[in-house]
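Here's the letter readout for the chains.
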Amino acid sequence: MRFHPVALGGGLPHIPSWRDLAAVLLVLGILILVGAGMGQMLVPFTPAHPARISLSPAALPLYCLHTTLRMLVALAASLLFTFTYGTLAAKSRAAERVLIPLLDVLQSVPVLGYLSFTVVFFVSLFPGSELGPELAAIFAIFTSQAWNMTFSFYQSLRMVPADLDEASRSFRSSAWQRFWRLEVPFAMPGLVWNTMMSMSGGWFFVVACEAIAVGDFQLALPGVGSYVARAIEERDLRAVGWAIVAMSATILLYDQLLFRPMVAWADKFRFEQTAAGTAPRSWVLALLRGSRWLAPLGVACGAALERSGRLRLGMPRRLRPAIRWALPSHTIDIGWLALALAGLGYAAWELLHSARASLSWSDGATVAANGALTLLRVLVLVALASLIWVPAGIGIGLRPKLTGIVQPIAQFLAAFPANLLFPVAVFLIVRFHLAPKIWLSPLMILGTQWYILFNVIAGASAFPGDLREAAASLRVRPGRWWREVMLPGIFPYYVTGAITASGGAWNASIVSEAVSWGPTTLSASGLGAYIARMTAAGDYPRIALGIAMMSALVIVMNRLLWRPLYAFAERRTRLA
């Protein structure tokens, strides 16, 4: 008698396919690499005997691993900050009056400004451990990532379609349910693209974050940034070439393993009433979903997240009477404003009191003149970048296949550190006797112009397909299509990109207004060059003065230009 396994009740055991083996090996490999990289953060650290950075190409894979892990940790912290800070600013009018100007200030403070005042704190917090310098570098990278993501999330929360919000309230959804089932999904496409841009922004400043030099304090953490800094110091073009190759490979890897799956996953949150023509794809996401071993784990995690999003969390009942009898909104606004002005006044008084002995009125005049020069550069460069990348971003974002091709290329260009172009810039300026004040300026926008491109691509990708089909069926002419359909549709995203590009340009002025290649140093003058020079000298009063001037100029620019554009976008281009 022949027995069939099915008849006995269980069927044949599952034989692992190549998808199962490939998915498991991929996940295990990533976990092993992460564990090895994290172990480096806990080794002993002695400031008198720092680790020597090797220029051997064989050291680059490990350096790339360390740098990528620092940026991923900073990215996770940025995401947590974004959800908390952006939500509070978008939901509370009183909090918004303080938090958004504060975000302007935080965005305007350059990376070197944070490092100047935090590296000693972190090193003293964990004496004798590599964890202190690592946290200082991670915090500096965090400051180059978080503001862009927060602005994007804040803008998305303010632009949630009114009909969807009313439908959610009609179902009596709690604030927790509306946040996770409506607001976060609506913001997800733009947030994913800005997360990619923030990761690239970390690469742009990685040299300053890993090769820390503040006065007499010199520290080089193992990473690509320190490798590039030493290659520039020794004028080693071969090492610079190897760094470019290693960066290219690293960006391609984490794009395929992390960001392409995120883009493909976030496509399901697009706000439209007709099916998209072509959805973005990811071979990693398809591999994980096709694995019989890992797919159940993903389903379980998704179900757990779905249940947590359905929880009816809300305000405790005993606090509701206090909320009902709360002060009028205008009284709260006056209180917030008074508190903010008191804080600013106290900070200004302390700055003047501590710097009175070492600063003079001539220092103020010097900083003001340098600030005006950098402001002019920022305005001109952002305008030029907008003219180029807004139409290009719309054309790319409306074509999903082209988006998949352009995304990794744009990520690499956005991540490309300006320091690697210093040899070319210095050589050309010296060779042709060019004016550094003019020809060093493009280095400022080199990394920050991509904020505009990425946000415009995100806006065009999220633009509802039914509106495009309606415009096509009405045979709207090209000129009118640009003015009344597409430009208003992506305008909120453009404003977010322009704000972060402007802030990034101010930040980039630190490394682009004063460049060096070996013993040759060129200065374009400006506030960035001033802060870089004072940081190298360890002159803390003048560092604080330069940062204060940069923060003031960014706040004035945001109040007079970008905030009115934000209000216009919310009032006139919101999907109702």
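Structure first, text after, so check above.
Because the structure is predicted, anything quoted here is derived from the model rather than measured.

*Asks:* Would you explain the pattern of salt bridges in this entry?
*Replies:* Side chains carrying opposite charge are able to pair once their charged atoms draw close together. Counted by the stated rule, this structure contains eight salt bridges. Two residues, Arg70 and Glu134, come together in a salt bridge whose shortest N-O distance is 2.6 Å. With a gap of 64 residues between them, Arg70 in helix α2 (residues 60–91) and Glu134 in helix α5 (residues 131–143) connect regions that are remote in the sequence. For the residue pair Arg70 and Glu134, the accessibility class agrees, reading buried in each case.

*Asks:* Would you explain the nonpolar core in this entry?
*Replies:* A general trend in soluble globular proteins is that nonpolar side chains are found buried together. In this structure, Ile452 and Tyr494 are the most contacted members of the largest nonpolar core, which totals 119 residues. For this core, the leading source of residues is helix α23 (residues 478–512), giving 16 residues. The contact partners of Ile452, leaving out residues within four places of it in the chain, are Val382, Ala385, Ser386, Trp389, Val390, Tyr494, Gly497, Ala498 and Ala501.

*Asks:* Teacher, can you tell me more about helix α21 (residues 449–462) here?
*Replies:* Residue pairs spaced three or four apart in an α-helix point in one direction, given the helix's 3.6 residues per turn. Over its 14 residues, α21 runs 21 Å from end to end, which matches the ideal 20 Å to within 8%, given 1.5 Å per residue. For α21, a buried count of 14 out of 14 residues is recorded, marking the element as mostly surrounded by other parts of the structure.

*Asks:* It is not clear to me how the environment of Pro161 should be interpreted in this structure. Could you clarify?
*Replies:* You can see Pro161 is positioned in the loop between α6 (146–158) and α7 (162–170). Each C-alpha atom of the pair Pro161 and Phe186 lies 9.1 Å from the other, and the pair is 25 residues apart in sequence.

*Asks:* Would you explain empty space enclosed by the protein in this entry?
*Replies:* If you walk through the whole model with that rule in mind, you get two cavities of 30 Å³ or more. Contributing to the lining of the largest cavity are Gln107, Thr143, Ser144, Gln145, Trp147, Asn148, Phe205, Tyr451, Thr500, Gly503, Gly504 and Asn507. Elements supplying a minimum of two residues to the lining of the largest cavity: α6 and α23. The element that contributes the greatest number of residues to the lining of the largest cavity is α23, accounting for four residues. Each residue belonging to the lining of the largest cavity can be placed in one class, and the counts come to three nonpolar, nine polar and no charged.

*Asks:* What's the story with unusual backbone geometry in this structure? I'm lost.
*Replies:* Not every positive phi belongs to a glycine, and Arg235 is a case in point at roughly 55°. Structurally, the position occupied by Arg235 is in the loop between α10 (224–233) and α11 (237–266). Taking relative accessible area as the criterion, Arg235 reaches 42% and is therefore assigned partly exposed. The backbone phi angle of Ser525 is positive, close to 65°, even though this residue is not glycine. Relative to the elements of secondary structure, Ser525 occurs in the loop between β4 (520–523) and α24 (527–537).

*Asks:* Please explain the side chain of Ser198 as it appears in this structure.
*Replies:* The topology assignment puts Ser198 in helix α8 (residues 175–204). The class for Ser198 is buried, based on a relative accessible area of 0%. A polar contact of 3.0 Å, which involves the side chain of Ser198, links it to the backbone oxygen of Gln145. Excluding its chain neighbours within four sequence positions, the residues that come into contact with Ser198 are Leu75, Ser144, Gln145, Asn148 and Met149.

*Asks:* Please clarify how the packing of α2 against α11 should be interpreted in this entry.
*Replies:* For any two helices packed against each other, one specifies the inter-axial angle together with the distance between the axes. Orientation of α2 relative to α11, taken along the N-to-C sense of each, is 45°, at an axis distance of 10 Å. Classed by the angle they form, the pair α2 and α11 counts as oblique. For the pair α2 and α11, the sense of crossing is right-handed. Between α2, through Leu60, Cys64, Thr68, Leu72 and Leu75, and α11, the contact on the second element is made entirely by Trp242, Ala243, Ala246, Thr250, Tyr254, Leu258 and Phe259. Taken together, the residues of the contact of α2 with α11 sort by class into 10 nonpolar, two polar and no charged.

*Asks:* Which parts of the structure should I look at to understand the environment of Trp242?
*Replies:* In this fold, Trp242 is placed in helix α11. On the basis of relative accessible area, Trp242 is assigned to the partly exposed category, the value being 37%. Residues Trp242 and Pro57, spaced 185 residues apart in sequence, show a C-alpha to C-alpha distance of 6.4 Å. Once residues lying within four places of it in the same chain are set aside, the contact partners of Trp242 are Pro57, Leu60 and Tyr227.

How each quantity is defined
Residues numbered from 1 in each chain as written. Predicted model: local features only at pLDDT ≥ 70, side-chain atom pairs only at ≥ 80, totals over all residues. Heavy atoms only, no water. Salt bridge = Lys/Arg side-chain N within 4 Å of Asp/Glu carboxyl O. Helix = DSSP H or I, 4+ residues; strand = E, 2+ residues; numbered from the N terminus. Buried < 20%, exposed > 50% of the residue type's maximum accessible area, 1.4 Å probe, protein only. Core = buried A, V, L, I, M, F, W, Y, C linked by side-chain atoms within 4.5 Å. Contact = heavy atoms within 4.5 Å. Expected span 1.5 Å × (residues − 1). 1 Å grid on protein atoms, 1.4 Å probe; cavity = no way out; pocket = protein on both sides within 12 Å on 5 of 7 lines; lining within 4 Å. Points joined across faces, edges and corners; volume = space filled by probe spheres on them. Nonpolar A, V, L, I, M, F, W, Y, C, P; charged D, E, K, R; others polar. Polar contact = N/O pair within 3.5 Å; in protein donor to acceptor, adjacent residues only side chain to side chain. Axes fitted to C-alpha atoms, helices over the stretch in contact; angles between N-to-C directions. Parallel < 35°, antiparallel > 145°, perpendicular 65-115°, else oblique. Left-handed = near helix turned anticlockwise from the far one by under 90°.

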